[in-house]
There are 2 protein chains.
Amino acid sequence: MQPDKLEQYRPIFFPEAIAVLGVSGEEANAGARFYTSLLKAGFQGNVYAVNPRGGEIDGRPLYPSVSSIPHPVDTVIIAIPAMHVPTVLEECAKKGVKVAQIYTAGFSESGTEEGRRLEAVIVEKARQNGILIVGPNCMGVYSPARRLPYGMSNYAGEVGSIGFLSQSGGLGGMLMDMGVMRGLKFSKAVSFGNGTMLDSVDYLDYFAADPATTVVGAYLEGMRNGARFLESAIRVARKKPLVLWRGGRTEVGAKCAVSHTGSLAGPDALWSALAQQAGAVRVFSLEEVVDTLLAFQVLERDPGNRLAFVSGLTGGGGGIGVSASDAFCSRGLQLPAFSAETRERLTRLLPPAGTVTHNPLDVGGQTIPMESLFQCFLAVVQDPAVDFLVFHERTGFFMQPAYTARVEAVNDLLITLKQTQDKPVVVISPAGTAENERLSTGKKLIQAGIPVFSTLEGAAAALRNVNDYWAAKKNPEARIQNSE
Amino acid sequence: MQPDKLEQYRPIFFPEAIAVLGVSGEEANAGARFYTSLLKAGFQGNVYAVNPRGGEIDGRPLYPSVSSIPHPVDTVIIAIPAMHVPTVLEECAKKGVKVAQIYTAGFSESGTEEGRRLEAVIVEKARQNGILIVGPNCMGVYSPARRLPYGMSNYAGEVGSIGFLSQSGGLGGMLMDMGVMRGLKFSKAVSFGNGTMLDSVDYLDYFAADPATTVVGAYLEGMRNGARFLESAIRVARKKPLVLWRGGRTEVGAKCAVSHTGSLAGPDALWSALAQQAGAVRVFSLEEVVDTLLAFQVLERDPGNRLAFVSGLTGGGGGIGVSASDAFCSRGLQLPAFSAETRERLTRLLPPAGTVTHNPLDVGGQTIPMESLFQCFLAVVQDPAVDFLVFHERTGFFMQPAYTARVEAVNDLLITLKQTQDKPVVVISPAGTAENERLSTGKKLIQAGIPVFSTLEGAAAALRNVNDYWAAKKNPEARIQNSE
């Protein structure tokens, strides 16, 4: 069944030719924005614009209908008023269209009788004609391998391993925007809005089967069938990490979800129970989704939960060690004591005053030579009690990119360290007055397989989530539910 | 007593002439960095450099001793080896020095008998000679009104109303760096390290009395005397908000604090009890300190806890409404239903499809005219159930500063709104691919009295903290302790 799904969904994620319906010359017109976005992102297929009035847009033809396009079309993006969608679907079927991605809102989520009726009609038409509907009320598909941009974003980023499904087009976009900034790379993503024909379970099944996807994230506001959802979630989590963000866990949030995507959210305890049974990781904010996906993307296997924390080279020092201990230990990670041998090695390497040779390790200001610092890193990762290294760095201080050259030199050491031994390396680089330096130095680390987090708490939560996933995989019974 | 303290501590925060002891020509020399930092920041007083070898630094004299400076000196910054500090203090006393800010480490925090002995000696010498010691093992004082920079930062920012005391010099610096970026303005700050002579309680008493300080924040790793600490905390919180971040709440964190500042942290429950009894707000991370101080700085009075949330103009929309409801309501804030009148006004102003006229309000994409948007803002803040407005905006989308012009136009509306009525206005602007645009548009809002937060959770936690402070002030019995 699963290989079939991959084949059946192929035109969703790898369309050959897309027609955008509802393209006009007005600046704010959604159809026009989808259309130009495909062109600007360099979509690797043909793109056609449709408007019943005909004419031209930017020197290219506006076809009066899908059927008047003199080339094959396998996917349409529909951005016309809801009441015209049923007729258009019939025409699309005649043209041989396989997938209709429906941006248009005003269906069941409107809460009106007419909206519900229209939604039933389009599903009926699509079923009769062998068309798959993505949406309605959605931003649709992102497929960087095909340079298919997300929504109207003009942008297709690098191809990666994260598959993401989102009931919210806006949050999906925010996640990808924040994610791109943080170094997330997607295999595919889909905003499916009302999910009237293909629902979360269908996309979960697809991502479970998709060999290009090794980590799966989801923003969901509701589920139609708990048992079916659990089956699909288990199917994913057995093979790859599954990160679930559920919107609507509070009463007001749940009410809001009804009018947003027509979702009945279900009690929050049900979601926790489902996540736990499936061996999925439940997260509670946009930032936690991004942090957790980043950790899974970069740390391909179980990193363990015993870390060595190193700081002090570029500010922070002792106080950061204290607050890092609090952040990690309160979330169930451990900072084990270093062995006598490690402490001896560190004592030989570090100046006596202002440094502390236990875990967390404070290397004490800016005077330590680079070669000694590398030996310190080596000493702590070679300690048998240590599973991975967390280094805390700062790129600026009071409006000045004070440390950039030194930070870059240290980052080169960390990259060498990562490349020359097996234990993972993680960096914390907090926001401050030197944001440009922070973002650019961070990029190099991420490319080298070192995840970079902005906050201690974010890093700790993400690493705890990673630990939870692997613990559940090893021993489903012993899984301790991630507490918020 | 309190006016005395203000006068007694005057040379700590408003020195007339500073001598830096331990200035050499080496690049990494701490004394030299303190010295040049004072010059670069434009310290409004005289600055002298001292080194027993004499000579010159950057064309200015290196005095061989404090006593050889041919001008009055009221404050010294000491960056010489610990063992020489006692002798130097005697010489300083003869010169009429009132304050010794001791950067040098290697005292009680070293855990050695010799360190403890030396610390006792310097306190004895200082007491005998009427000198106040800030530190030792500290970064010292920040006083923007005098252009006295923090530590070696070269920078004195705008004068503001926040007083901050920190047992950690590094965390104090990080807080100020992140704070400056986020729009925090300080009246004074002090990193006091081992706090051997002047402790947290002394600085709390000072900030309680200081009329220029209207909000007080503290990073602390220990307290010497719970009863005395409670007295001082009550003294502050009765007059102005007090935000407490305690490092060392986990076992490893507490151990680390001992070696960092020699602090015995005490059980965590004690800190919660003290904060609760004092009517102070307890926070749990660097980001929460900054968010909470920002909220107090900008919202000068009790903002209430019933908010109207508006999004959708620049991405996010319905999904953001759902997750905002979750973030705020799970932290005890409320999104009340709009009145029938408000909903009618909104229905007339907004297009029917893709918008939602309840709270959270989704204004639905980019087509709404600016004048209508302003009327929407007015409608929701004029609703009697609404205490304040939270607007969610985005400055970028997939590597493009896509919305900057529109965001700036909307921000101008928000500033007008803020200026023309009484209810507070708060903005959420999440991190993404257009960080420069985000930081620059945010600055303008903060200057206009609109606090800007990066995350829903950060804003919710900060506003909850503000609510907790005012609730405790009104009714100490009813105070619900902020849960982590």
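Counting restarts for each chain, with residues numbered from 1 along the sequence as it is written. In the order they appear in the text, chains get letters beginning with A and ligands get numbers beginning with 1. Thresholds applied to this predicted model are a pLDDT of at least 70 for local features of residues and 80 or more for the giving and counting of side-chain atom pairs; totals over whole chains, interfaces and linings are not thresholded and use all residues.

**What to know about the overall build of chain A**
Counting from the N terminus, the helices are DSSP H or I runs at least four residues long and the strands are E runs at least two residues long. Along the backbone of chain A there are 17 helices and 18 strands. In terms of overall dimensions, chain A is globule-like: its C-alpha atoms have a radius of gyration of 25 Å, near the 23 Å expected for 484 residues. Principal axes of the C-alpha set define a box for chain A whose edges measure 80 × 50 × 40 Å. Whether a residue is buried, exposed or partly exposed is read from the other C-beta atoms within 10 Å of its own C-beta, which are placed from the backbone; 20 or more gives buried, 12 or fewer gives exposed, and intermediate counts give partly exposed. Split into buried and exposed, the 484 residues of chain A put 61% on the buried side. Our contact criterion uses C-beta atoms placed from the backbone: two residues qualify when those atoms are within 7 Å. Within chain A, counting contacts between residues at least 6 apart in sequence, those at least 24 apart form 74% of the total. With the radius of gyration taken over C-alpha atoms, the globule rule is written as 2.2 Å times the number of residues to the power 0.38.

**Points about the sheet that holds strand β8 (residues 140-142) of chain B**
Residues and elements named next belong to chain B. Following DSSP output, two strands are said to pair if at least two bridges run between them. An order of β8-β10-β9-β11-β12-β13 is seen for the six strands of this open sheet, with the pairing classed as mixed. Strand pairing shows two members of the sheet lacking a second neighbour, β8 and β13 (281-283), which therefore form its edges. When the angles between neighbouring strand axes are averaged without regard to direction, this sheet yields 20°. Lines are fitted to the C-alpha atoms to define the axes, a helix being fitted only along its stretch in contact, and any angle between axes, read from their N-to-C directions, falls within 0 to 180 degrees.

**Considerations on the domain arrangement of chain A**
The split of the chain into domains comes from an automatic or database domain assignment. According to the domain assignment, chain A contains domain 1 (2-134), domain 2 (140-298) and domain 3 (307-453). Here domain 1 of chain A and domain 3 of chain A have C-alpha centroids that lie 51 Å from each other.

**What about the confidence of the model for chain A?**
If pLDDT is low for a region, its predicted coordinates should not be looked at in detail. pLDDT runs from 0 to 100 and stands for how confident the predictor is about each residue. Within chain A, residue pLDDT values average 91, and 93% of them lie at 70 or more. Considering only residues more than four positions removed or in separate chains, one finds that residues 478-484 of chain A, a stretch of pLDDT under 50, has 13 contacts.

**Structural notes on the pairing of strand β10 (residues 186-191) of chain B**
All names here are of chain B. Burial of β10 is extensive: six of the six residues sit out of reach of the surface. As paired elements, strand β9 (residues 159-166) and β10 share six bridges and run parallel to each other. Pairing of Ser166 across the sheet is with Ser191, part of β10. Handedness of a crossover: with both strands directed away from the viewer, a clockwise path from the first strand across the helix to the second marks it as right-handed. Once the chain exits β9 it traverses helix α6 (residues 169-182) before rejoining the sheet at β10, and the crossover so formed is right-handed.

**Here's the deal with helix α12 (residues 317-329) of chain A**
All names here are of chain A. Helix span is expected to be 1.5 Å times the residue number reduced by one. When the terminal C-alpha atoms of α12 are compared, their 18 Å separation across 13 residues agrees well with the 18 Å that a helix rising 1.5 Å per residue should span. Of all 13 residues that make up α12, 12 are buried, and the element is covered over most of its length. When we look at burial in α12, the residues that qualify are Gly317, Gly318, Gly319, Ile320, Gly321, Val322, Ser323, Ala324, Ser325, Asp326, Ala327 and Phe328.

**Describing helix α10 (residues 268-278) of chain A**
Residues and elements named next belong to chain A. Looking only at α10, the buried set comprises Trp271, Leu274, Ala275 and Ala278. Taken down its axis, α10 places every buried residue within 95° of arc, on the same side. On its buried face, α10 sits against α8 (226-239), β12 (242-246) and β13 (281-283). Trailing α10 by a residue or two, Gly279 shows a phi angle of about 75°, which is positive. Throughout, the arc means that of the directions going from the helix axis to the C-beta atoms.

**Section: the interface of chain A and chain B**
Listed per partner, the contact involves 69 residues of chain A and 70 residues of chain B. Breaking the side of chain A that touches chain B down by element, the ones donating at least two residues are α6 (169-182), α9 (251-261), α11 (286-298), α12, α16 (435-447) and α17 (456-474) of chain A. With 11 residues, the top contributor of residues to the side of chain A that touches chain B is α12 of chain A. Three classes are used: nonpolar for Ala, Val, Leu, Ile, Met, Phe, Trp, Tyr, Cys and Pro, charged for Asp, Glu, Lys and Arg, and polar for all others, with Gly counted as polar. Of the residues assigned to the side of chain A that touches chain B, the class counts are 30 nonpolar, 30 polar and nine charged.

**Focus on the relation of the copies chain A and chain B**
Taken as rigid bodies, chain A and chain B are interconverted by a rotation of 180° and an axial shift of 0.0 Å, the fit giving an RMSD of 0.0 Å. The transformation relating the two chain copies, once decomposed into turn and shift, fits a two-fold axis. The residues that chain A uses at the interface reappear at the interface of chain B in 100% of cases, marking a shared surface. The copies are overlaid by a least-squares fit using only the C-alpha atoms of residues whose pLDDT is at least 70 in both copies.

**A closer look at the environment of Gly253 of chain A**
Examined against the element boundaries, Gly253 of chain A turns out to sit in helix α9. Expressed as a C-alpha distance, the spacing of Gly253 of chain A and Glu221 of chain A, which sit 32 residues apart in the sequence, is 9.2 Å. The residues contacting Gly253 of chain A, other than those within four sequence positions of it, are Gly247 and Gly248 of chain A together with Val322, Ser325, Asp326 and Cys329 of chain B.

**Quick look at the packing of helix α11 (residues 286-298) of chain B against helix α17 (residues 456-474) of chain B**
All names here are of chain B. Interhelical geometry of α11 versus α17 gives an angle of 55° and a closest axis separation of 8 Å. In terms of orientation, α11 lies oblique with respect to α17. Here α11 and α17 pass one another in a crossing that is right-handed. Taken together, the residues of α17 that come into contact with α11 (itself represented by Glu287, Glu288, Asp291, Thr292, Leu294, Ala295 and Phe296) are Gly458, Ala459, Ala461, Ala462, Leu463, Asn465 and Val466. Note on terminology: angles under 35 degrees are roughly parallel, angles over 145 are roughly antiparallel, angles of 65 to 115 are roughly perpendicular, and the others are oblique. A clockwise turn of the near helix away from the far one marks a right-handed crossing, whereas an anticlockwise turn of less than a right angle marks a left-handed crossing.

**A closer look at the pairing of β9 of chain B**
A regular strand places its side chains on the two faces of the sheet in alternate fashion. All names here are of chain B. Counting buried residues in β9 gives six out of eight residues, a clear majority hidden from the surface. Of the strand pairs in this sheet, β9 and strand β11 (residues 215-220) are connected by five bridges, and their pairing is parallel. Of the residues in β11, the one forming a bridge with Leu165 is Ala218.

**Remarks on the packing of helix α7 (residues 200-209) of chain A against α8 of chain A**
Residues and elements named next belong to chain A. Relative orientation of the contacting elements α7 and α8 amounts to 20°, with a least axis distance of 9 Å. When the interaxial angle is binned, α7 and α8 end up roughly parallel. The hand of the α7/α8 crossing is left-handed. Each of Ser200, Val201, Leu204, Asp205, Phe207 and Ala208 in α7 lies in contact with α8, whose residues at this interface are Arg228, Phe229, Ser232, Ala233, Arg235, Val236 and Lys239. Residues of the contact of α7 with α8, tallied by class, amount to seven nonpolar, two polar and four charged.

**A few points about unusual backbone geometry**
For the peptide bond that leads from Gly135 of chain A to Pro136 of chain A, omega is -5°, which places it in the cis range. Inspection of the secondary structure assignment puts Pro136 of chain A in the loop between β7 (132-134) and β8 (140-142). Within the chain, Arg147 of chain A stands out as a residue other than glycine whose phi angle is a positive 50°. Its 16 C-beta neighbours within 10 Å are what place Arg147 of chain A among the partly exposed residues. Phi is positive for Asn137 of chain B, close to 65°, though the residue is something other than glycine.

**Side note on the sheet that holds strand β14 (residues 307-311) of chain A**
Reading across from one edge, β15-β14-β16-β17-β18 (chain A) is the order of the five strands in this open sheet, with parallel pairing throughout. The strands lining the two open edges of the sheet, one partner per strand, are β15 (361-362) and β18 (452-453) of chain A.

**Some thoughts on the environment of Ala461 of chain B**
Residues and elements named next belong to chain B. As for its placement among the helices and strands, Ala461 is situated in helix α17. Note: C-alpha distance between Ala461 and Ile320 (141 residues apart in sequence) is 17 Å. For Ala461, the contacting residues outside a window of four places in its chain are Glu288, Asp291 and Arg331.

**Brief notes about the environment of Gln44 of chain B**
Turning to its location among the elements, Gln44 of chain B is positioned in the loop between α3 (30-41) and β2 (46-50). Residue classification places Gln44 of chain B among the partly exposed residues on the basis of 14 C-beta atoms within 10 Å.

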